[in-house]
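# Structural overview
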Amino acid sequence: MRYWLMKSEPDVFSIDDLARVRTEPWTGVRNYQARNFMRDGMGKGDGVLFYHSSCEVPGVAGIAEVASAAYPDPTQFDRKSEYYDEKSTREEPRWMLVDVAFKRKLKRTITLAELKDQTRLDGFALLQRGNRLSVLPVTKAQWDAILALE
DNA sequence: GCCAACGTTGGC
DNA sequence: GCCAACGTTGGC
């Protein structure tokens, strides 16, 4: 079992939205490194920190889990989707995703500011300069350190 | 294969 | 709304 962090803008899709729908296909990732983590790294049952980005209080808002193996993101084939990719084909899909299932909402959001204060989290990918990845790996030690703040 | 221009992310 | 970081695109 591995651990991950996945970013979502709460105005678009929040932890409460995930709680409502229970399981959500993680559509729209169009970054190769993030895709590779989903395609090659993730397995069913892996832990996911659900992170709210681009909002008033950025931070970890809940816990989810990987609920499927990777499969082609259907939005890449949909001409009407904002995620449509004309260079992708069904024979050779360019973009993959996993399903993400709700586990629980944290009692409170663990803020980015708090995470930055933790010396135990030095080296955490989320906190590295210029990081913009929307899907990134978390070690067991980092996972435990973050959730200990709840 | 280089690199300038451009677009996007995301914190502040 | 600003801006730093950085990935992608396309001309050469």
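Our subject is the structure that appears above.
Residues numbered from 1 in each chain as written. Chains lettered and ligands numbered in written order. Predicted model: local features only at pLDDT ≥ 70, side-chain atom pairs only at ≥ 80, totals over all residues. Heavy atoms only, no water.

### Overview of unusual backbone geometry
- We note that Arg22 has phi near 75°; this positive angle belongs to a residue other than glycine.
- Residue placement: Arg22 occurs in the loop between α1 (15-21) and β2 (23-25).
- Residue classification places Arg22 among the partly exposed positions, given a relative accessible area of 48%.
- Notably, Ser54 is not glycine yet its phi reads approximately 50°, a positive angle.
- If you trace the backbone, Ser54 turns up in the loop between β3 (47-52) and β4 (59-66). (Helix = DSSP H or I, 4+ residues; strand = E, 2+ residues; numbered from the N terminus. Buried < 20%, exposed > 50% of the residue type's maximum accessible area, 1.4 Å probe, protein only.)

### With respect to the protein's contact with DNA strand B
- Close to DNA strand B lie Lys7, Tyr51, Ser53, Ser54, Pro58, Leu112, Lys116, Arg132 and Leu133, which account for all nearby residues.
- A share of 74% is what sugar and phosphate atoms reach among the atoms of DNA strand B within 4 Å of the protein.
- Residue Ser54 places a main-chain N or O atom 2.9 Å away from a phosphate oxygen belonging to DNA strand B.
- Looking at side-chain class alone, the surface near DNA strand B contains 4 nonpolar, 2 polar and 3 charged residues. (Near = heavy atom within 4 Å. Polar contact = N/O pair within 3.5 Å; in protein donor to acceptor, adjacent residues only side chain to side chain. Nonpolar A, V, L, I, M, F, W, Y, C, P; charged D, E, K, R; others polar.)

### So, the pairing of strand β7 (residues 99-111)
- Here β2 runs beside β7; their pairing, made up of 3 bridges, is antiparallel. Looking at the pairing, Pro25 lines up with Asp99 of β7.
- Of the strand pairs in this sheet, β4 and β7 are connected by 7 bridges, and their pairing is antiparallel. Paired with Gly59 across the strands is Thr111, a residue of β7. (Pairing = 2+ DSSP bridges.)

### Some words on the pairing of strand β1 (residues 3-8)
- With 6 of its 6 residues buried, β1 lies for the most part within the structure.
- Side chains Tyr3, Leu5 and Lys7 of β1 all project onto a buried face; the interleaved residues Trp4, Met6 and Ser8 project onto the opposite face, where all are buried too.
- Here 6 bridges tie β1 to β3, and the two strands are oriented parallel to one another. Looking at β3, one finds that Lys7 is bridged to Tyr51.
- Direction of pairing for β1 relative to strand β8 (residues 135-138): antiparallel, over a ladder of 4 bridges. Across the sheet, residue Leu5 finds its bridge partner in β8, namely Leu136.

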